[in-house]
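Coordinate inspection notes
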Amino acid sequence: VSTVIRIERPILWWPHDYGVSHLYTLHTFLSRKDQILDQSEHRFGIRNIEFQKNSQNQMQCIVNNQPVSLKGADWLPSTPFPGSEKVEDYNKQLQTFIKTGGNLLRIWAGGYYEDPVFYDLCDQLGILIWQDFMFAEAYYPDRHWFLDSVREESKQVIRRLRNHVSLCMWCGNSHIHHLHETGSLGSGR
């Protein structure tokens, strides 16, 4: 079942230092003969994000047709045990990040995909997310069996995270492409 929802004059989501990080709440119900069989609640935001080269040939982030100055940091897992984080801990760390003046977190490829509550909090707090794939920071095989695994992981992660309004960029490969181009892999450099 699919439908189209039209929002007249939507309130746009903004990074916290550019406006209100407005979220809508969508309640859905599956029913039969006045009996609710299932229900869910999802929060979402509406925004447009583009990356363009400016007149100095530098990449520029444009949110809702307005240039945004990105001030970011790498996000490293706070624990080596995925799933052991608490909402309060995430909230405290993200609030501290906001106090530093930051508005973009790069989820570092040497870690892991964070708990869904992390992304929910970034949506609410107006923190943009640059999401690395977790195979981006290592030299990996260029064989079909590995590339098939990467393709499947990418599909699953994108499906899980794609509706988060804070997510502005997906990144893979990181420094590996450059190392291949310069011949630095395996050279001891």
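Quick look at the structure, then. On a predicted model such as this, the values are computed, not experimentally measured, just so you know. (Residues numbered from 1 in each chain as written. Predicted model: local features only at pLDDT ≥ 70, side-chain atom pairs only at ≥ 80, totals over all residues. Heavy atoms only, no water.)

Right, let's get into the overall build of the protein. For the protein, the count of helices and strands is four helices and nine strands. Each helix (α) and strand (β) of the protein, taken in turn from the N terminus, gives the series β-β-β-β-β-β-α-β-α-β-α-β-α. For the protein, the spread of C-alpha atoms along the three principal axes comes to 70 × 40 × 35 Å. Buried residues in the protein amount to 31% of all 189 residues. Excluding contacts between residues fewer than 6 apart, the proportion of contacts in the protein whose partners are at least 24 apart in sequence is 62%. Only carbon and sulfur atoms are counted for the fraction: they give 51% of the accessible area of the protein, which is about 12500 Å². (Helix = DSSP H or I, 4+ residues; strand = E, 2+ residues; numbered from the N terminus. Buried < 20%, exposed > 50% of the residue type's maximum accessible area, 1.4 Å probe, protein only. Contact = heavy atoms within 4.5 Å. Areas by Shrake-Rupley, 256 points an atom, 1.4 Å probe, with all protein chains shown as cover.)

With that out of the way, let us pick up the sheet that holds strand S7 (residues 104-107). Sheet strands associate in pairs through backbone hydrogen bonding, adopting either a parallel or an antiparallel arrangement. The strand order across the open sheet built from four strands is S6-S7-S8-S9, with neighbouring strands paired in parallel fashion. Here the strands that pair on one side only, and so sit at the sheet edges, are strand S6 (72-75) and strand S9 (167-171). Ignoring which end each strand starts from, the neighbouring axes of this sheet average 20° apart. Bridge count between S6 and S7: four bridges; the pairing is parallel. Across the sheet, the residue bridging to glycine 72 is leucine 104, located in S7. (Pairing = 2+ DSSP bridges. Axes fitted to C-alpha atoms, helices over the stretch in contact; angles between N-to-C directions.)

Here the focus is the side chain of arginine 106. Position of arginine 106 relative to the elements: it lies in strand S7. Overall, the relative accessible area of 14% leaves arginine 106 in the buried class. Only 2.7 Å separates the side chain of arginine 106 from the side chain of aspartate 132, close enough to count as a polar contact. (Polar contact = N/O pair within 3.5 Å; in protein donor to acceptor, adjacent residues only side chain to side chain.)

Turning our attention to helix H1 (residues 87-99). End to end, H1 covers 18 Å across 13 residues, agreeing with the expected 18 Å (1.5 Å per residue, within 8%). When we look at burial in H1, the residues that qualify are Tyr90, Leu94, Phe97 and Ile98. Looking straight down H1, one finds that the buried residues subtend no more than 100° of arc, so they occupy a single side. Summarising the geometry of H1, the exposed residues directed more than 90 degrees from the buried face are Glu88, Lys92 and Lys99. Here the buried face of H1 lies against S6, S7 and helix H2 (116-125). (Expected span 1.5 Å × (residues − 1). Arc of directions from axis to C-beta.)

A complete count under the given rule lists five salt bridges for this structure. Lysine 71 is the salt-bridge partner of aspartate 17, the closest N and O atoms lying 2.9 Å from each other. Taken together, the residues aspartate 17 in the segment before strand S1 (24-32) and lysine 71 in the loop between strand S5 (66-68) and S6 connect sequence positions 54 residues apart. In this structure, aspartate 148 engages arginine 151 in a salt bridge whose closest nitrogen and oxygen atoms are separated by 2.9 Å. With aspartate 148 and arginine 151 both in helix H3 (residues 144-161), this residue pair falls three residues apart, about one helical turn. One salt-bridge network, in which partners are shared between bridges, spans Asp74, Arg106 and Asp132. (Salt bridge = Lys/Arg side-chain N within 4 Å of Asp/Glu carboxyl O.)

The strand order across the open sheet formed by three strands is S3-S4-S5, and the pairing between neighbours is antiparallel. This sheet does not close on itself; its edge strands, each paired only once, are strand S3 (49-53) and S5. Averaged over neighbouring strand pairs, the angle between their axes works out to 40° when direction is ignored. Of the pairings in the sheet, the one linking strand S4 (residues 59-63) to S5 comprises three bridges and is antiparallel in character. If you follow valine 63 over to S5, its bridge partner there is glutamine 66.

Ranked by size, the top nonpolar core spans 23 residues in total, and within it Leu94, Leu105, Phe118, Ile127 and Ile129 carry the most contacts. Per element, the largest residue contribution to this core is five residues, and it comes from H2. Each residue touching leucine 94, except ones within four places of it in the same chain, is listed here: Trp75, Leu105, Phe118, Leu121, Cys122, Leu125 and Ile127. By size, the runner-up hydrophobic cluster in this structure holds 11 residues, among which are Trp13, Cys61, Val63 and Cys168. (Core = buried A, V, L, I, M, F, W, Y, C linked by side-chain atoms within 4.5 Å.)

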